[in-house]
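The primary structure of each chain is shown beneath.
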Amino acid sequence: MRRTLSITTAALVLAAAVAGCGSGGSGDTGATDGAAAAAEETTLTVYAAASLTATFEQIGEEFEQAHAGVQVEFSFAGSSDLVAQIQEGAPADVFASADEANMEKLTADGLEGAEPVAFASNTLEIAVPPGNPAGVADLDDLAGDLNLVVCAPEVPCGAATRKVTESAGVELAPVSEEQSVTDVLAKVTTGEADAGLVYVTDVIGAGDEVEGIEFPEAAAAVNVYPIAPVADSANADLAQEFVDLVLAEGGQTVLRDAGFAPAP
Amino acid sequence: MAAPSGRVGVPAWIFVPAAAGAAFVLLPLAAIVLRTPWSRFLDLLVSPASVEALLLSLRTSGTSTLLCVLFGVPMALVLARTTFRGQGVLRSLVLLPLVLPPVVGGIALLYTFGRRGLLGETFEVLGIQVAFSTTAVVLAQTFVALPFLVVSLEGALRTAGQRYEVVAATLGARPTTVFRRVTLPLVLPGLVSGAVLAFARSLGEFGATITFAGSLQGVTRTLPLEIYLRRETDAQAAVALSLVLVVVAILVIGFARQGRSSL
Amino acid sequence: MTFHYDAAVADRGVDLTFDIAPGRTLALLGPNGAGKSTALAVAAGLLRPDTGRVVLDGRPLTVTGHDERDVLVAPYDRQVSLLAQEPLLFPHLSLLDNVAFGPRSRGAGRAGSRTVARRWLGEVGIAELADRRPAQVSGGQAQRAAVARALAADPRLLLLDEPMAALDVAVTPALRQTLRRVLADRTVLLVTHDALDALLLADEVAVIEDGRIVDQGETAQVLAQPRSRFTAQIAGLNMITGTWRDGAVLTPAGLRIEGRPDGPVPRTGDPAVAVFPPRAVSVFLDDPGGSPRNALRVTITHLEPQGGQIRVRTEELSADVTPQAAAELDLAPGSAAYFVVKATEIAVYAT
C-alpha cells in the first residue's frame, strides 16, 4: 500500500514538475510578447520538409508582409517525422511534404483541412566534389569503382533513387546508404564520396561545394511536393491563404529560383 | 556484515524524489515494452537486416572495447601515476569526448581519418580506406568510449594508491612486473567496469558513426542506425529493435555486476 | 662498511648521516615528523635527496649534488626491501605467493620461489597458513607473512618502518621475538618511535630530532645515558640539564641536584645532566626536607595510567605513584607538589 502510494506520488510530482516547466516557459514568453507587441498578433505554424527550408522562409517573409500582425513559424524536419508529430497532435496549420507518400499518411487519418495540392517537383541529380575527381559523366559511371553514396531506400530520396536505377537497369553498389539527402550531400562536400545522388535543389543550394551532373534517367522518378492545410486549424483561413501564396506566382518564383521544377 | 541502523541517514521524504527519478528512467522503458509488436516480434528480430545490424553492433563494440583497453589502460596509468607539465590540460582534452555531442566527434574523425583528413592521405597511400568501412565504425565507437574506460580506471588506480607498487618494487619487481602482477590485479574491478561502460557506450553509439562511417547493411549500419532508419517506414519494427538493444544493454550490465561481485 | 647514508632533503628539513656495519641493526628513533620516513624513502630509492650519497656494499645507490655523476638506482635494483607499518600483502595472492613474489621477481622459477617461500613462512611460524589469502588471516599473522616476504627477497639491506605500530598490543611481543631472531645477522635500518623496539631489535640507535641526529651510539648506552632531553623522554627517563658545580648539577634556575656520578666525575663548569627514572620519584604536597634527597617544586600538568601505576607529569618531568597515593594526595592537573628523589637514584654525568 505504501509502495503504490509512493509511486503514484512520484508520478504526480514528476508530472507536476514537467507541467510546471512547460507552462512556466510559455507563460514567460507570452507575457513578454504581449507587453511588446499588439495583442491581436496571430501565429501561423507551418510544418515543411527540410528541403524546403530556404524557400519557405522566403515565402513566409512575403506572407508576413502581406498580412500585418501575422507571424509565420516553421518547423523543418523530415516529412515522416512531421507527419508523425501531426498525428500525435502537434499544432500545425499547414503541412508541406517532400513526397506524396507522407501526405497520404496525413489524408489516411483525415487530418487534411483541404485537398492536398502539388506545388513543386524535384528530380535527382548526380553530385560530385568540385573538379569531379572520379570523372563521372552519367548514371552508368556510378556503377564503376568509386565511392558512391545514396539515400537509403527507406527514405524518399532513396525510394526515388531505386526507381531511377530500376527503370534504367543500372545496378549500383553504394558504400553507404544515408539517412537523409543532407547526409549524402555532406559526404560529397567533404570529399569522402566521389559521387552522390541528390536532388537538383540540393546541388544548387550547396553552391560551389559540389558540381551537379544531370542525367536523363532521372525523369523516371519525379518527386512531387504536395501541400495542404491541416484539419482543425485555429487559423484555417490564414492557412489556406498561405497555401495559395505557395501556389501563386510569388511562391512559384522563389521555388523556381531554388531549382524546383513546377508541379507536373 | 549486517548494516546496523542503515536508515539513520535516510529521511523518509527522500524516497519521494528518489522514486520520481526512478520512475522517470523506468517509465520510458516500460513504454517500449508496451509498444512492442509482440505478434511480429520474432519475424522482425530474425530479418536479415536486424540480425546483421545486431551482429555488426556486437562485433564492432567488442573490437572497440578491446582497443579501449589496449590504449585506455596505459593512458589511465600515465595520468594516475605520473606528473608532467600540462597534465591537467591533457586530461581534460582526452576526456572531451565525454561531453562532446557525438556528431562533433564524427566530424572531427572525418577530418582526421577521412580521405582529405590529417591522416587520410597517408592511409590512402597505404591503400587503406577508412571512411565507409567497418573500421570507421570501430574508430567512432572507440573515440566516444575511450574516456569512459580512462576515467573509471584512473579513479580505481588513485583509490588503490601506490603503496603496494612501492612494496613490490622494493621486493625486486621491475616496473613491468609490478604493473602485470600487482597494479592490474588490484584495479581489475575498475578495469572491468570501465570496459563494460565502454562496451555499452560503443553499443549505443550513433552520432559519430552516422557522420563518419556512413550506413550500409552489414558493413556500417549498426543497430542504432538500423533503428533510426527503420523508423522511416516501420515504426513498430524500430520499437522491436529498440527493445533488443535495451535487453542487450541489461545483459551487459548484469554480466558486469556479476563479474564484479565475484572478484 | 656495508651501508653508508649521507643525505639532505631541504624541503623536509632533514639532513642525516650514519653508517651501518654488516650484520648490524641501526634504529632511527624519533617522534613523528622528525625525518625518519624521509630517510627510508631515500634509502629505498623512492626519493631523490637534494644532496647525498647512499652506498650499499661499495655500490653507489644514490649520488646527487656531488662532483661525480648523479646516480639513482631504481628501487627494484637496490636489493633493499621495505617492511612497512601495515603488512600490505598483495590481496589477490595467497600468503605463499606473496612471499614467493620477491624470488619470482628476481628471476627464480615458480617452484623454486615457492620452496623458498615455504621455508620463510616456517621461519616466521605460519607455515600452515600458506594457502590463505591475506583477508583470511589476522593482523599479526599478516605482518609475519610480510616479514617473511621481505626476507625471502634476500635483501642486502632491510628497511623496517615501525613494523609493530599498527598491530594489536597483544601480538607485538611474539612478533618482536620473531624479528629479533630473523634479523640477527642482517643489515637492518629500523625506524621507530618506541624505545622498546630499539632496545630489543637494534644494536645501535640514532636519535633524530627536527631532522638532525642528536644522539647516537650503542643502544643500551644511549638509552641508559641519554645526552638530550629528547632521548631521555624516549627512554622514559627524567633529565635535568645544568653545569657541574661543587659536586652537583646546578640548573640555570639555581637549583642543586645531587646524584651518583655515572662514569668519570665531571669537571667544574662542564655541562652536565642529572637523569632518573619516574619510579624513583616520590610525590609530596609539602617539602619534606632532609638530605641527601632532592626536592623539586613542580606544577602537575596531567595524570595518566601507566602499567598499573599513575604517571604524574609536569612540563618536563614525570613520576610514577600508586593509584592509592595519587588519591590520598588528591593530585590533579594544576595542583602544586614536590617531586622528591634520593641522590642515590640519580645518575649525573657530563654531556
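Scroll up to find the structure.
Read on for a plain summary of the structure. Bear in mind that the values here come from a model prediction, so they are computed numbers and not experimental data.

## With respect to the overall build of chain B
For step 1, the next point in the chain: If you tally the helices and strands in chain B, you get 13 helices and zero strands.
For step 2, the next point in the chain: Expressed as lengths along the three principal axes of its C-alpha atoms, the size of chain B is roughly 65 × 65 × 30 Å.
For step 3, the next point in the chain: Contacts in chain B between residues at least 24 apart in sequence constitute 76% of all its contacts with a sequence separation of at least 6.
For step 4, the next point in the chain: Counting every atom, chain B has about 13400 Å² of accessible surface; 71% of that belongs to carbon and sulfur.
For step 5, the next point in the chain: For chain B, the centre of its 20 positive side-chain charges and the centre of its 10 negative side-chain charges are spaced 14 Å apart.

## Examining the sheet that holds strand β3 (residues 25–29) of chain C
Residue and element names in this part refer to chain C.
For step 1, the next point in the chain: Spatially, the six strands line up as an open sheet ordered β7-β8-β9-β3-β10-β11, and their pairing is mixed. A single partner strand is all that each edge strand has here, and the edge strands are β7 (80–83) and β11 (212–218). Strand after strand, the sheet turns through a mean of 15 degrees between neighbouring axes, direction not considered.
For step 2, the next point in the chain: Two elements, β3 and strand β9 (residues 188–192), share five bridges in a ladder whose sense is parallel. Paired with L28 across the bridge in β9 is V191.
For step 3, the next point in the chain: Sheet strands in contact with helix α1 (residues 36–44) are β3, β7, β8 (157–161), β9 and β10 (204–209), and its direction is about 150 degrees off that of β8.

## What about the environment of V246(A)?
Residues and elements named next belong to chain A.
For step 1, the next point in the chain: Here V246 lies in helix α8 (residues 236–247).
For step 2, the next point in the chain: Since its relative accessible area comes to 0%, V246 is described here as buried.
For step 3, the next point in the chain: Ignoring any residue separated from it by four or fewer positions in sequence, one finds V246 in contact with F56, I59, F119, I227, G251, Q252 and L255.

## Thoughts on the state of the cysteines
Residues and elements named next belong to chain A.
For step 1, the next point in the chain: Counted under the stated rule, the structure contains one disulfide over all chains.
For step 2, the next point in the chain: Note that C151 is cross-linked by a disulfide to C157, the S-S spacing being 1.8 Å. Looking along the S-S bond of the C151-C157 disulfide, the torsion reads about -95 degrees, which is the left-handed sense.
For step 3, the next point in the chain: Residue classification places C151 among the buried positions, given a relative accessible area of 3%.

## Here we look at the interface of chain C and chain B
For step 1, the next point in the chain: At the interface, 22 residues of chain C touch 17 residues of chain B.
For step 2, the next point in the chain: Interface area for chain C against chain B, summed over the two sides, is near 1800 Å², with a carbon-plus-sulfur share of 68%.
For step 3, the next point in the chain: Seen at the junction of chain C and chain B, the total is one salt bridge.
For step 4, the next point in the chain: Between E86(C) and R163(B) there is a salt bridge whose closest N-O contact spans 3.0 Å.
For step 5, the next point in the chain: In this assembly, chain C and chain B are joined by six residue pairs in polar contact (both at pLDDT 80 or more).
For step 6, the next point in the chain: Among the secondary structure elements, those contributing two or more residues to the side of chain C that touches chain B are β7, α2 (95–105) and α4 (139–152) of chain C.
For step 7, the next point in the chain: In terms of residue count, α2(C) provides more of the side of chain C that touches chain B than any other element does, four residues in total.

## A few points about the pattern of salt bridges
For step 1, the next point in the chain: In the structure shown here, the tally under the stated rule is 26 salt bridges over all chains.
For step 2, the next point in the chain: The salt bridge involving E165(B) is made with R81(B); its shortest N-O contact spans 2.8 Å. Note that E165(B) is positioned in helix α8 (residues 163–170) and R81(B) in helix α3 (residues 48–81), a separation of 84 residues in sequence.
For step 3, the next point in the chain: The partner of K36(C) in a salt bridge is E162(C), and the shortest N-O contact between them spans 3.1 Å. In this pair, K36(C) sits in helix α1 while E162(C) sits in the loop between β8 and α5 (172–182), placing the two residues 126 residues apart along the sequence. Per residue, the accessibility class of K36(C) equals that of E162(C), and both read buried.
For step 4, the next point in the chain: One network of salt bridges, with partners in common, ties together R91(B), E154(B) and R158(B).

## Notes on the sheet that holds strand β1 (residues 42–49) of chain A
Residues and elements named next belong to chain A.
For step 1, the next point in the chain: Spatially, five strands are ordered β2-β1-β3-β10-β4 in an open sheet, and the strand pairing comes out mixed. A single partner strand is all that each edge strand has here, and the edge strands are β2 (70–77) and β4 (117–122). Strand-to-strand twist across the sheet, computed as the mean angle between neighbouring axes with direction ignored, equals 20 degrees.
For step 2, the next point in the chain: With three bridges connecting them, strand β3 (residues 94–96) and strand β10 (residues 223–229) associate as antiparallel partners. Paired with V94 across the bridge in β10 is P229.
For step 3, the next point in the chain: The sheet contacts of helix α4 (residues 100–108) involve β3 and β10, and relative to β10 the element is tilted by about 30 degrees.

Reading guide: rules and limits
Residues numbered from 1 in each chain as written. Chains lettered and ligands numbered in written order. Predicted model: local features only at pLDDT ≥ 70, side-chain atom pairs only at ≥ 80, totals over all residues. Heavy atoms only, no water. Helix = DSSP H or I, 4+ residues; strand = E, 2+ residues; numbered from the N terminus. Contact = heavy atoms within 4.5 Å. Areas by Shrake-Rupley, 256 points an atom, 1.4 Å probe, with all protein chains shown as cover. Lys, Arg positive; Asp, Glu negative; His and termini not counted. Charge placed at Lys NZ, Arg CZ, Asp CG, Glu CD. Pairing = 2+ DSSP bridges. Axes fitted to C-alpha atoms, helices over the stretch in contact; angles between N-to-C directions. Buried < 20%, exposed > 50% of the residue type's maximum accessible area, 1.4 Å probe, protein only. Disulfide = S-S within 2.5 Å. Buried area = accessible area lost by both parts, 1.4 Å probe. Salt bridge = Lys/Arg side-chain N within 4 Å of Asp/Glu carboxyl O. Polar contact = N/O pair within 3.5 Å; in protein donor to acceptor, adjacent residues only side chain to side chain.

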